[in-house]
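In case you want the letters, here they are:
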Amino acid sequence: MKRSEAYHIAIFVFGMLACMVHASRAQAIDPGTSRPVPDSTYIEIAYGRQQAARNVAALSTVHGDELSTLFSTNLGNLLSGRLAGLTVMPQGYEPGLAAPRLLGRGIGTFAGGTAPLVMVDGFESNFEQLVPEEIETISLLKDAAATAVHGFRGANGVLLVTTKRGRHAPLQVQFDTKVGLGTPFHLPEFLGAAGYATLYNEALANEGRAARYTEAQLRAYRDGTDPFFHPDVDWYGQSLRSVAPINTHQLNFRGGNDVVHYFGLLSMMNEQTLLKRTEKLSDNTTNSGYRRYNFRTNIDVNLTKNLTAMLTLGGSVEDKRNPGASETSSLFGAMSVIPPNAFPVFNPDGSYGGNSLFSNPWGDMVEKGMYTSNGRTLQTSLRLRHKLDMVTPGLALSAAVSFNNFFRNFSIKSRTYERFALSQSAAGDTVYTRFGQNTSLQGSENESEQWRNVAVQGFANYDRDFGAHGIDIMLMGNYDSYTVSGDAYPYKHVGLGGRFNYAFNQTYLIDFSASYMGSENFAKGNRFGLFPAVGVGWVVSNEPFMQANRLFDRLKIRGSYGLVGNDVIGGNRFMFDQAYRYSSAYYFGTGNASISAIEEGQIANPGVTWEKEKKFNVGFDAALLGNALQLSADYFFNHRYHILASPNRTIPGFFGMDLPMLNVGEVHNRGVEAIVAYHGRHDRPFGYGIRFIANYANDRIVAMSEELREFGYQQTTGRRIGQPFGLEAIGFFRDEADIANSPLQTFTTVYPGDIKYRDQNNDGYIDDADYAPIGNPGSPTFWASLHPSFRYKGVDLQFLLHGVAGGSLYRSGLAYHAFQDNGTVARIAEGRWTPATADRATYPRLTATDNQNNYRYSSFWQEKSDFLKLRNVELGYTLSHLPEAVGIRSARVFANATNLFSWGTSGPEDPESNTTATAYPAMRTFLVGINIAF
């Protein structure tokens with residue numbers, strides 16, 4: 001066991017022992033409020049908790065227990081379809097690298113960062129390596145009333161992660177284990193050697209060239225009688241296995257008494273990849289997989305009657321390994337490009353096959369070396385809270401300090417190895433031509449990445465009711481320093497903030513919040529800004545005139561308006577400071593001697609500032625039928641301005657300098673959200689519930705100082721952020737007459753079967769002036785989910801349907817463009833255009849070289865990313881009321897499956913995957929597990 005792992009486990013055990021030692025002392029505590037209240041009446045908000053009845057902000061919440069039976073090495077992937085307003089876009093699927101892109105209520109900027117600010121237990125940190133079993137809640141704070149205290153860091157929303165803490169209850173122990181397997185959702189389908197050779201001959205014929213493969217060679221490919229000189233290699237089948245094992249186990253402890261509350265967790269997850277096991281085949285390789293250990297110790301202790309200390313300690317230790325001295329993308333890239341008849345895996349003498357163009361993917365896995373990384377995450381904080389009820393009831397002061405750290409180092413051991421191409425001499429002898437040579441492993445240990453965050457906070461809280469009046473006041477000051485490896489200077493924020501919440505008779509609600517925050521990234525005198533917000537609420541169901549009509553058990557109307565910002569503005573750092581750079585050279589004298597020089601870089605902007613956003617939100621929350629039916633809906637409008645953009649419209653390019661970036665951009669983003677949930681009675685043998693979430697968010701660029709273009713359809717202003725521009729495909733050329741009667745396509749000579757494009761400006765030519773908006777950006781505008789659950793006695797069943805619309809995918813590269821870069825051909829090319837199939841062709845005519853017309857960026861290779869996916873299905877059975885002598889309170893066995901099926905426009909591919917064949921594939925997972933509570 002490594003020293004760091006032993007250290008973390010020792011801390012975990014020490015925390016558990018400390019909890020047991022204090023188990024007999026007395027004095028109730030509640031670390032989150034100034035008086036004891038049931039947890040169910042409070043919700044997590046920015047820097048604290050608030051009575052749910054008094055909340056006027058827009059937020060959505062999911063509990064960690066809802067995610068605990070699911071599996072992903074990245075917690076963010078489990079949030080798809082779970083949080084109203086949060087869009088989760090997978091960016092990869094390789095274990096340990098499957099970090100999704102998260103969007104809160106869509107996109108609000110075309111220049112700066114778009115991800116929500118992530119706060120774990122009140123401090124900025126990474127949440128993706130946490131496990132669901134240590135999560136109490138994850139909340140998305142969405143409007144100005146919820147995010148204004150985060151100042152110029154709250155415009156994209158705030159993802160608030162709260163880990164579990166102890167509670168006043170006897171010790172409870174829970175053990176969970178899950179085992180299962182993952183299998184590819186879809187792998188690219190390439191033709192075998194016979195199909196490849198046949199289509200390649202056809203491609204050559206289309207170019208007026210002679211066939212490469214004779215009928216005898218085609219026959220040899222089909223019958224497989226000559227596997228060395230006429231190989232037919234399925235590189236995916238050679239290198240991948242059909243399933244990848246998964247297992248995860250966790251043990252947690254929770255409880256407390258009048259003096260101490262404690263929660264502790266120890267977890268292990270292990271996911272192997274689809275790459276075949278190679279470790280026993282060579283000393284130059286390793287098995288591929290990802291393993292992570294998580295630990296957590298959260299302890300709250302009453303040091304005195306009024307003073308409480310809260311220790312939060314969590315972290316993870318991860319190890320990732322791959323053969324081939326790199327991440328899996330290089331191996332998948334090689335597998336997807338090599339023609340199946342290029343060379344055999346092994347030659348007759350047992351050596352590796354290869355040639356001058358391609359290496360051998362299997363040889364790369366076994367002989368090329370190994371790639372490993374080791375990561376360590378530590379999240380710690382200490383908070384002291386002192387109640388000042390002796391001064392006035394409800395008053396409390398608190399202070400906290402936090403240190404969060406992540407470090408990952410890489411070890412790359414690589415070598416070269418011999419590969420041989422086969423040929424036959426005139427005498428019929430086999431000739432081996434060597435490429436590469438065998439060398440020893442060479443190690444590289446000098447790569448690493450790290451970030452750390454140190455934060456200090458101070459709070460004054462006052463929470464008290466005076467008859468019909470309820471007041472909740474929070475004042476705070478905070479400082480944080482965020483350091484990332486590779487940056488010379490840390491990122492620093494300092495600020496003051498506060499919130500005033502008033503409720504009259506629990507009916508009329510008002511909430512004022514504000515922050516005054518500064519950053520080192522802006523010039524002196526321009527580093528601080530004020531961010532105010534106001535929210536109001538009316539609990540209509542508490543009005544006397546509603547008492548006679550009990551249609552609504554609860555009806556609250558709420559609204560908010562305020563100003564927030566985004567300091568992740570894009571561009572260079574410290575843009576207020578003039579930068580100078582080395583030019584290539586100046587030449588002097590008759591000898592043209594070159595002299596290196598320094599020249600002025602991009603012009604500084606001393607007035608550069610953060611993005612600002614005015615947020616407006618109005619919504620309602622309602623409960624009917626004895627709180628069984630719950631409804632919630634919101635409408636929002638966000639106006640983001642001061643977005644960085646180059647002043648191309650106001651300063652011409654011939655001015656002779658690198659234009660400064662100015663805060664001249666604007667974006668509007670508006671949308672709606674709705675939640676409908678129904679929960680049947682739980683005191684009957686049969687119970688059921690259903691939850692429906694729907695989201696719509698649509699952005700538009702209002703201003704970006706874009707240069708004037710000759711054709712208005714090429715303007716980006718007025719369109720969605722990320723709008724793709726390309727040629728509009730309108731079919732295939734039917735014949736030479738069709739070509740002669742169509743606009744002249746200037747990219748290359750075209751023939752029947754080539755893609756025909758629309759002449760957008762009607763000038764008789766197809767050229768760059770005809771690039772126009774096509775399809776939609778990659779991010780969707782709409783998503784919805786349906787989550788029904790059923791229970792009959794001890795049996796439970798639930799599933800999650802998730803649908804997305806309003807985005808586009810672009811299919812390009814090796815898996816779609818036939819014979820590109822001397823590569824192979826995918827099965828979709830079987831639908832190619834020929835004179836016989838002209839009326840039903842789905843693919844352009846084949847060419848053996850890269851086609852400068854057909855492979856241009858166009859709508860032909862674009863498709864909608866709309867889909868409906870069965871994201872999760874779970875069946876379980878719970879054993880309860882077990883004999884006391886057994887020592888088990890309850891046990892639940894379950895089986896679940898994720899990413900099962902999808903219905904959409906993308907064919908067999910995963911509709912969420914906008915990657916090429918060079919990427920690790922999306923996965924289905926099948927798990928069985930057991931949860932035992934002691």
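Preceding this paragraph is the structure being described.
Here goes a summary of the coordinates provided.

So, how was this worked out
Residues numbered from 1 in each chain as written. Predicted model: local features only at pLDDT ≥ 70, side-chain atom pairs only at ≥ 80, totals over all residues. Heavy atoms only, no water. Axes fitted to C-alpha atoms, helices over the stretch in contact; angles between N-to-C directions. Helix = DSSP H or I, 4+ residues; strand = E, 2+ residues; numbered from the N terminus. Parallel < 35°, antiparallel > 145°, perpendicular 65-115°, else oblique. Contact = heavy atoms within 4.5 Å. Nonpolar A, V, L, I, M, F, W, Y, C, P; charged D, E, K, R; others polar. Salt bridge = Lys/Arg side-chain N within 4 Å of Asp/Glu carboxyl O. Buried < 20%, exposed > 50% of the residue type's maximum accessible area, 1.4 Å probe, protein only. Pairing = 2+ DSSP bridges. Arc of directions from axis to C-beta. Core = buried A, V, L, I, M, F, W, Y, C linked by side-chain atoms within 4.5 Å. Phe/Tyr/Trp six-rings, centres within 6.5 Å; stacked < 30°, edge-to-face > 60°. Lys NZ or Arg CZ within 6 Å of the ring centre and 35° of its normal.

What follows deals with the packing of helix α3 (residues 193–206) against helix α4 (residues 215–223). Contact pair α3 / α4: the axes reach a minimum separation of 8 Å and the direction vectors enclose 155 degrees. Taken together, the axes of α3 and α4 are roughly antiparallel relative to one another. Contacts between α3 and α4 involve Ala193, Ala194, Ala197, Thr198 and Asn201 from the former and Leu218, Tyr221 and Arg222 from the latter. Class assignment for the residues of the contact of α3 with α4 results in five nonpolar, two polar and one charged.

Within this structure, the stated rule accounts for 43 salt bridges. One connected set of salt bridges, linked through shared partners, spans Glu611, Glu613, Lys615 and Arg640.

This part takes up unusual backbone geometry. With a phi angle near 60 degrees, Asn505 is a residue other than glycine that sits in the positive phi range. Secondary-structure assignment places Asn505 in the loop between β21 (491–504) and β22 (508–519). In this structure, Gln506 is a non-glycine residue whose phi angle is positive, near 55 degrees. By secondary structure assignment, the location of Gln506 is in the loop between β21 and β22. When its relative accessible area of 29% is taken as the criterion, Gln506 is described as partly exposed.

Turning our attention to the sheet that holds strand β6 (residues 117–120). With mixed pairing, five strands are arranged side by side in an open sheet as β3-β8-β9-β6-β7. Strands with a single pairing partner mark the edges of an open sheet, and in this sheet they are β3 (59–63) and β7 (123–124).

Attention shifts here to the pairing of strand β10 (residues 169–184). The side chains of a regular strand alternate between both faces of the sheet. In this sheet, strand β11 (residues 244–256) lies alongside β10 in antiparallel orientation, the contact comprising twelve bridges. Note that in β11 the partner of Val179 across the bridge is Asn247. With eleven bridges connecting them, β10 and strand β45 (residues 923–933) associate as antiparallel partners. Residue pairing in the sheet places Thr177 in a bridge with Ile930 of β45.

Pairing geometry for strand β17 (residues 419–424) and strand β18 (residues 430–435), over six bridges, is antiparallel. Bridged to Ala421 within β18 is Thr433. Where β17 folds back on β18, the antiparallel hairpin that results is connected by five residues, among which Gly428 adopts a positive phi of roughly 90 degrees.

A few words on α4. Looking at α4, one finds that the buried residues are Leu218, Ala220 and Tyr221. Along the long axis of α4, the arc covered by the buried residues comes to 160 degrees, so they all point the same way. Contacts made by the buried residues of α4 are with α3. Directly beyond the C-terminal end of α4, a positive phi value near 65 degrees is found at Gly224.

By size, the foremost hydrophobic cluster in this structure holds 60 residues, and its most contacted members are Trp235, Ala818, Phe819, Val825 and Leu846. Broken down by secondary-structure element, the contributors of at least two residues to this core are α3, α4, α5 (235–239), α6 (328–337), α7 (361–367) and β36 (755–757). With eight residues, α3 is the largest single contributor of residues to this core. Setting aside residues up to four positions removed in sequence, Ala818 forms contacts with Thr824, Val825, Ala829, Tyr843, Leu846, Thr847 and Tyr855. Ranked by size, the runner-up nonpolar core spans 19 residues in total, among them Leu86, Phe127, Ile138 and Leu140.

Under the criterion given, the structure shown has 32 aromatic pairs. A cation sits over an aromatic face here: Arg419 above Tyr417, 5.0 Å from the ring centre. The residue whose ring lies beneath Lys869 is Phe185, and the NZ or CZ to ring-centre distance is 5.3 Å.

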